[in-house]
Amino acid sequence: MSATTLPSTFTLEDASGWHMERFPAESHDTVAEILPDAVERKVDNSVPPPNGGTKAWLQVLGSWMLFFNTWGILNTFGVFQTYYESGELFKTSSSNISWIGSIQALTMLATGAFVGPIYDRGGFRWLLIVGSMCVVVGHMLLSLAKKYWEAILTQGFMVGFGGGCLYVPAVAIMPTYFTSKLGLALGIAASGSSTGGIIYPIMFYKLIDRVGFGWSVRILGFTALTTLIIPFAVMEMRVKPAKVRSLIDWTAFRDGPYIMFVAGCLIGFTSCYIAFFYTSYFGQASGITDTSLSFYLVPILNAGSVFGRTVPNWLSDKIGPFNVIAPSKSIIITLSSRFLTSTRCICRRHTPLLQHCRRKHCWNSRNNFIARLFHWCLRRSSASNLCCSH
C-alpha cells in the first residue's frame with residue numbers, strides 16, 4: 001500500500017481540512033453508524049408503541065398461537081376427564097382425576113411469578129423454546145402413560161409448566177406494540193384459547209376410537225409443535241422494561257387497591273373452570289346426553305367464549321375494563337340463579353331429558369360468554385398496568 005506524501009509546509013489547518021475531505025462529518029453523526037453491524041442496537045424505550053402496522057399485528061398472530069396451545073389445551077381437559085372416568089387407562093375417583101387439570105392450571109399460573117422477571121431480562125426467545133418443548137414433550141410422554149401418577153407428572157406439571165412459560169410473554173408483549181387498541185389486540189389473541197378449546201377436544205374424540213389414546217395424544221402434540229413454530233417466526237421483543245422486576249416485590253403487599261384486585265381475581269377464577277372439567281362427564285353420567293354429545297359439550301362451552309373474549313375487550317378500550325367487569329358479574333349471578341331455578345322445576349315436573357339438555361347447552365354458552373368476559377377484562381386491566389410500568 002502506497003503512503004500519502006504531505007508537503008513540508010503542511011499546517012494544522014490543512015490537516016483538518018484534509019481529514020474532513022477523506023472522512024465526511026456526516027459519517028460520524030451517531031455512534032451506531034461507526035460500530036460494526038454485528039453490534040446489537042438497543043431500541044429507545046421513549047419511542048411510543050406503533051399501535052398498528054404489519055409487525056404489530058404479527059405479534060397478535062403469534063400470541064394467538066400461544067394462547068391456542070396454553071389456555072386452549074387447558075380448556076380441553078374436560079374431554080380427558082370424561083375419558084379417564086371410563087377406566088380404560090387407569091382407575092381412580094373423579095376427584096383424583098380432576099386434580100390433573102387443577103395441577104395443570106395451578107402450575108401454568110404459578111409459573112408466571114418466575115417467568116415475568118426472565119421476560120424482563122430479555123429472555124423472550126428462551127421462554128418460547130422451553131415452553132414449547134415442555135408442551136410438546138409433555139404430550140408425547142402422556143401418550144405413554146398407563147398410571148395415574150404418570151398423568152399427573154406429564155399433563156399436570158410438565159404441560160402446565162410449559163404453558164406458563166408461553167402464556168406470560170403472550171400477554172406481556174402486547175402493551176409494547178399497542179396503546180389505544182390494546183384491548184382489541186388482546187381480545188383477538190385471547191380468542192386463540194377458545195379456538196384451541198374447540199379444535200383439540202374434537203380432534204381427541206374423533207381419534208380416540210380410531211387410533212387409541214396413545215396416538216390421539218401424540219397427534220395433539222404434533223399439532224402443538226406445528227402451530228408453535230409461527231410465534232418463533234413472527235414474534236419479536238420490541239423493548240425491554242426500564243426497570244427489571246424482582247422475583248418478589250414486597251411493597252405490593254402494602255398496596256391496598258392492588259391486594260383487593262388480586263383477591264377479586266382469586267375469587268373470580270375459582271368458578272371459571274369447574275364447568276370445563278365436569279360438564280362433559282356430568283352429561284354422560286347422568287344420562288342427559290349420550291357419549292358422543294357429552295364430548296361436544298366442551299367445544300360448545302368454548303364456542304360461547306369466543307365473543308366473550310373479543311367484543312368486551314374491544315369495548316374496554318372505549319369505556320374501561322372495570323366498567324365492563326361489574327355488569328358482567330351481575331349477569332353471571334342472574335343467569336346462574338335462573339339456571340338453578342329452572343333445574344329444580346325440571347326435576348319436579350319430570351320434563352323430558354331432551355328439553356333439559358337443550359336448556360343446559362343454552363346456559364353453557366351464555367354463562368361461558370359472560371365468564372370469559374370477566375376473565376379477559378381482568379387480563380386487559382392487568383395489561384394496562386403493565387403498559388404503565390414500562
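Residues numbered from 1 in each chain as written. Predicted model: local features only at pLDDT ≥ 70, side-chain atom pairs only at ≥ 80, totals over all residues. Heavy atoms only, no water.

Student: Is there a simple way to think about the overall build of the protein chain in this case?
Tutor: Scanning the protein chain for helices and strands turns up 15 helices and zero strands. For the protein chain, the proportion of its 390 residues judged to be buried stands at 46%. In the protein chain, 85% of the contacts between residues at least 6 apart in sequence involve partners at least 24 apart. Per element, the accessible surface of the protein chain, about 19900 Å² overall, is 66% carbon and sulfur. (Helix = DSSP H or I, 4+ residues; strand = E, 2+ residues; numbered from the N terminus. Buried < 20%, exposed > 50% of the residue type's maximum accessible area, 1.4 Å probe, protein only. Contact = heavy atoms within 4.5 Å. Areas by Shrake-Rupley, 256 points an atom, 1.4 Å probe, with all protein chains shown as cover.)

Student: Can you help me understand helix α11 (residues 256–269) in this one?
Tutor: It helps to recall that an α-helix has 3.6 residues per turn; residues three or four apart then point in one direction. Between its first and last C-alpha, α11 extends 20 Å over 14 residues, near the 20 Å set by a 1.5 Å rise per residue. Those residues of α11 not exposed but buried are Phe261, Cys265 and Gly268. Here the buried residues of α11 occupy an arc of 70° about the axis, which is enough to place them on one side. Exposed residues on α11 whose side chains face more than 90 degrees from its buried face are Met260, Leu266 and Ile267. (Expected span 1.5 Å × (residues − 1). Arc of directions from axis to C-beta.)

Student: What should I look at first to understand the confidence of the model for the protein chain in this one?
Tutor: It should be kept in mind that the predicted coordinates are not to be read in detail where pLDDT is low. Confidence in the prediction of the protein chain, expressed as mean pLDDT, is 75, and 72% of residues score 70 or more. At the level of individual helices and strands, the protein chain shows its lowest average pLDDT in helix α2 (residues 31–34), which scores 38, and its highest in helix α7 (residues 124–142), which scores 95. The model gives residues 25–44 a pLDDT under 50, and that stretch makes 10 contacts with residues more than four places away or in other chains. Contacts of residues 344–374 to residues separated by more than four positions or lying in other chains number 61 contacts, the stretch itself having pLDDT below 50. (pLDDT = per-residue confidence, 0-100.)

Student: Is there a simple way to explain the packing of aromatic side chains in this structure?
Tutor: Aromatic ring pairs are reported here in terms of the distance separating the ring centres and the angle at which the planes meet. Overall, the coordinates contain 17 aromatic pairs when judged by the stated rule. Centre to centre, the rings of Tyr83 and Phe204 are 5.9 Å apart; their planes meet at 85°, and the pair counts as edge-to-face. Taken together, the residues Tyr83 in helix α5 (residues 77–85) and Phe204 in helix α9 (residues 182–227) connect sequence positions 121 residues apart. Of the two residues examined, Tyr83 and Phe204, each falls in the buried class. Grouping aromatic residues by their ring pairs yields a cluster made of Phe80, Tyr83, Tyr84, Phe90, Tyr148, Phe204 and Phe213. Here Arg218 stacks its cationic end above the ring of Trp215, 4.8 Å away from the centre of that ring. (Phe/Tyr/Trp six-rings, centres within 6.5 Å; stacked < 30°, edge-to-face > 60°. Lys NZ or Arg CZ within 6 Å of the ring centre and 35° of its normal.)

Student: Hey, could you run me through the packing of helix α6 (residues 94–120) against helix α8 (residues 148–172) in this one?
Tutor: Any two packed helices are characterised by how steeply their axes cross, that is the angle between the axes, and by the distance between the axes. For the pair α6 and α8, the least separation of the axes is 6 Å and the interaxial angle reads 35°. Along this stretch, α6 crosses α8, giving a crossing that reads as right-handed. Of the residues in the contact of α6 with α8, the class split is 19 nonpolar, 11 polar and no charged. (Axes fitted to C-alpha atoms, helices over the stretch in contact; angles between N-to-C directions. Left-handed = near helix turned anticlockwise from the far one by under 90°. Nonpolar A, V, L, I, M, F, W, Y, C, P; charged D, E, K, R; others polar.)

Student: What is the right way to read the packing of helix α3 (residues 54–68) against α8 from this model?
Tutor: The N-to-C vectors of α3 and α8 enclose an angle of 150°; their axes lie 9 Å apart at closest approach. One element, α3, and the other, α8, form an angle in the roughly antiparallel class. Of the two elements, α3 crosses α8, and the hand of that crossing is left-handed. Here α3 contributes Ser63, Leu66 and Phe67 to the contact with α8, which in turn contributes Leu166, Tyr167, Ala170 and Val171. (Parallel < 35°, antiparallel > 145°, perpendicular 65-115°, else oblique.)

Student: How do you make sense of the nonpolar core when you look at a structure like this?
Tutor: Nonpolar side chains in soluble globular proteins tend to end up buried together. By size, the foremost hydrophobic cluster in this structure holds 61 residues, and its most contacted members are Phe80, Tyr84, Leu142, Met174, Phe178, Phe204 and Phe213. Secondary-structure elements contributing two or more residues to this core are α3, α4 (71–74), α5, α6, α7, α8, α9 and α13 (291–319). With 12 residues, the top contributor of residues to this core is α9. Ignoring sequence-local partners within four residues, the contact set of Phe204 consists of Val79, Phe80, Tyr83, Phe213, Ser216, Val217 and Leu220. (Core = buried A, V, L, I, M, F, W, Y, C linked by side-chain atoms within 4.5 Å.)

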